[in-house]
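Structural characterization, general
Next come the chains, spelled out residue by residue.
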Amino acid sequence: MSTRTYAILGTGALGGFYGAKLQKAGLDVHFLLRSDYEHVRKHGLVIESVDGNFSLPQINAYQDVKDIPQCDVVVVALKTTQNQSLPKMLTSVVKDNGVVLVLQNGLGLEPEVAQIVGSTRVMGGLCFLCSNKLQAGHIRHVAYGHIILGDYTSNYYPAGITPRMQQVANDFKSAGIGIELTEDLFKARWQKLVWNIPYNGLSVILNATTAELMANVYSRKLVEQLMHEVLAGAKSCNCSIVDSFVETMLNYTDKMKPYRTSMKIDYDERRPMEVEAIFGNPLRMAQAAGTHLPQISCLYHQLKFLDAKLNEGV
Ligand SMILES: NC(=O)c1ccc[n+]([C@@H]2O[C@H](COP(=O)([O-])OP(=O)(O)OC[C@H]3O[C@@H](n4cnc5c(N)ncnc54)[C@H](OP(=O)(O)O)[C@@H]3O)[C@@H](O)[C@H]2O)c1
Ligand SMILES: CC(C)(CO)[C@@H](O)C(=O)[O-]
């Protein structure tokens, strides 16, 4: 049994799900909560999952990160819109020889964390997960769940497969979570954006599920064009993704059950959307490399408009 200790910063749809699986497998897990703290401290977590339901009546729940003991692996599972809290959170919770594992969607998140804890203490993971928090402490996992895990070095230079990646992967595997290791986290993040940029963005702008976007010839075309533009953005940053990856992502989505993306759920629930991490950062990286991505830029500006209206409470 692994003796590594885990802190989960953000016990929501993703952090609650993976953290609960790790605890169920016998690992020592510490959960940071905000609005759900009182409920979860008293009643624990309930996980409804396509892989089997379970509950954890008691978990190590914390309201203040300073009360969490220093951990070997600190999982960042907040929405990226809350990342301004990370400088305060991370410094006290990660052991000197520990690592921060960023499981959020988007690009350019590890460099931000590296600014706080140093570039030798950061890893990233791309989560292929469909999970929602239904209410305090109650999470519904509806599909998938595997993670592509990569180590981070300054400027996303490919890190290879490191021993600590294998250790974390073994813990996750022991909890029944599928793990693939990548030598190139930067590429894995761009590849995930091939899905997140078109579907997250268009689901909000066109008020549609993934199935609706795929069924209509015009929106399907837009999805495909946006996917190719993500490939162009990646290429401008010296990251080569084969053209056939677009077809792979289209087929992947054709096979999915109709899905309301996380950005659409945030918009419908009037919560801030992860526009900067998923759109702004890749656009700025491509721009810095001299490449303009007009369709992604158009989506970005539309989403910023809607996000600002949410902020104003309109
Ligand atoms: N859900 C998925 O299936 C999925 C799949 C792939 C990737 N992702 C990515 O994973 C990340 C997390 O998404 P999610 O769906 O898990 O979001 P979520 O359900 O909103 O969970 C985030 C949790 O963080 C908590 N939180 C926020 N600020 C906090 C603070 N200062 N202190 C303590 N807790 C705090 C929130 O608590 P409150 O209730 O108080 O707001 C919430 O419970 C995002 O980047 C998302 O894109 C999610
Ligand atoms: C792409 C996805 C719907 C399933 O892999 C999920 O990972 C997400 O919302 O990013």
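An unreviewed UniProt entry annotates the protein as 2-dehydropantoate 2-reductase originating from Aetokthonos hydrillicola Thurmond2011. In its Pathway (unreviewed entry) section, the UniProt entry covering the protein states "Cofactor biosynthesis; (R)-pantothenate biosynthesis; (R)-pantoate from 3-methyl-2-oxobutanoate: step 2/2." Within the UniProt record for the protein, the comment given under Function (unreviewed entry) is "Catalyzes the NADPH-dependent reduction of ketopantoate into pantoic acid."

Some details on the overall build of the protein
In terms of helices and strands, the protein carries 12 helices and 10 strands. Taken against the 2.2 N^0.38 rule, which gives 20 Å for 314 residues, the C-alpha radius of gyration of the protein at 19 Å falls within 12% of a compact globule. Based on the C-alpha atoms only, the size of the protein along its principal axes is roughly 50 × 40 × 35 Å. A total of 314 residues make up the protein; the buried ones form 54% of that total. In the protein, of all internal contacts separated by at least 6 residues, the share reaching a separation of at least 24 is 68%. Accessible surface computed for the protein: about 14,000 Å², of which carbon and sulfur atoms make up 50%.

Things to note about the site of ligand 2
Near ligand 2 the following residues occur: N105, C127, F128, L129, C130, K192, W195, N196, Y252, M256 and Y259. Within the side chain of K192, a nitrogen or oxygen atom sits 2.8 Å from an oxygen atom of ligand 2. At 3.0 Å from an oxygen atom of ligand 2 is found a side-chain nitrogen or oxygen belonging to N196. Put simply, the parts of the chain that give the shell around ligand 2 at least two residues each are β8 (122–135) and α6 (185–205). At four residues, β8 tops the list of elements feeding residues into the shell around ligand 2. Within the shell around ligand 2, the residues separate by chemical class into eight nonpolar, two polar and one charged.

Observations regarding the pattern of salt bridges
Oppositely charged side chains may form a pair once their charged atoms are brought near each other. Counting across every chain of the model gives 14 salt bridges. The partner of D36 in a salt bridge is K133, with the nearest N and O atoms 2.7 Å apart. Residue D36 is located in the loop between β2 (28–32) and α2 (37–43), and its partner K133 is located in strand β8; the two are separated by 97 residues in the primary sequence. Taking relative accessible area as the criterion, K133 reaches 37% and is therefore assigned partly exposed. Between D151 and R164 there is a salt bridge, with the nearest N and O atoms lying 2.7 Å from each other. Residue D151 is found in strand β9 (residues 138–151), and its partner R164 is found in helix α5 (residues 163–174); the two are separated by 13 residues along the sequence. Judged by relative accessible area, which is 5%, D151 ranks as buried. When its relative accessible area of 23% is taken as the criterion, R164 is described as partly exposed.

Looking at the pairing of β9
With four bridges joining them, strand β3 (residues 45–49) and β9 adopt parallel strand pairing. Bridge pairing links S49 to H141 in β9. Strand direction decides the pairing type here: β8 and β9, joined by 12 bridges, are antiparallel. Looking at the pairing, N132 lines up with R140 of β9. Sheet topology note: the β9/strand β10 (residues 179–182) ladder contains four bridges and is parallel.

Let's talk about the nonpolar core
Counting residues in each nonpolar core, the largest one holds 72 residues, and the members touching the most others are I68, V74, L90, V100, W190 and F279. Of the residues forming this core, the biggest block, 11 residues, is contributed by α6. Within the second largest apolar cluster, 38 residues are counted, among which are Y37, V40, M123 and V168.

Some thoughts on the site of ligand 1
Around ligand 1, a shell composed of 23 residues is seen, among which L14, R34, S35, K133 and E274 lie nearest. At 2.9 Å from an oxygen atom of ligand 1 is found a main-chain nitrogen or oxygen belonging to A13. R34 is positioned such that a nitrogen or oxygen atom in its side chain is 2.9 Å from an oxygen atom of ligand 1. For ligand 1, whose accessible area on its own is 890 Å², the fraction buried by protein is 88%. Every element with two or more residues in the shell around ligand 1 is listed here: α1 (13–24) and β8.

Structural notes on α5
The periodicity of an α-helix, 3.6 residues per turn, causes residues three or four positions apart to be oriented the same way. Here α5 is 12 residues long and its end C-alpha atoms lie 17 Å apart, about the 16 Å a rise of 1.5 Å per residue gives. For α5, every residue scored as buried is listed here: M165, V168, A169, D171 and F172. Relative to the axis of α5, the buried residues are bounded by an arc of 160° and lie together on one face. At the C-terminal side of α5, G176 shows a positive phi close to 80°.

Considering the pairing of β3
In β3, alternate side chains face the same way, and those of L45, I47 and S49 are buried while those of V46 and E48 on the opposite face are not. Bridge count between β3 and strand β4 (residues 54–56): three bridges; the pairing is antiparallel. The residue of β4 that forms the bridge with L45 is L56. Hairpin remark: β3 followed by β4, antiparallel, with four residues in the connecting loop; positive phi at G52, about 125°.

Procedures and definitions
Residues numbered from 1 in each chain as written. Chains lettered and ligands numbered in written order. Predicted model: local features only at pLDDT ≥ 70, side-chain atom pairs only at ≥ 80, totals over all residues. Heavy atoms only, no water. UniProt positions renumbered as here; feature names shortened; annotations may be inferred. Helix = DSSP H or I, 4+ residues; strand = E, 2+ residues; numbered from the N terminus. Rg over C-alpha atoms; globule rule 2.2 N^0.38 Å. Buried < 20%, exposed > 50% of the residue type's maximum accessible area, 1.4 Å probe, protein only. Contact = heavy atoms within 4.5 Å. Areas by Shrake-Rupley, 256 points an atom, 1.4 Å probe, with all protein chains shown as cover. Near = heavy atom within 4 Å. Polar contact = N/O pair within 3.5 Å; in protein donor to acceptor, adjacent residues only side chain to side chain. Nonpolar A, V, L, I, M, F, W, Y, C, P; charged D, E, K, R; others polar. Salt bridge = Lys/Arg side-chain N within 4 Å of Asp/Glu carboxyl O. Pairing = 2+ DSSP bridges. Core = buried A, V, L, I, M, F, W, Y, C linked by side-chain atoms within 4.5 Å. Expected span 1.5 Å × (residues − 1). Arc of directions from axis to C-beta.

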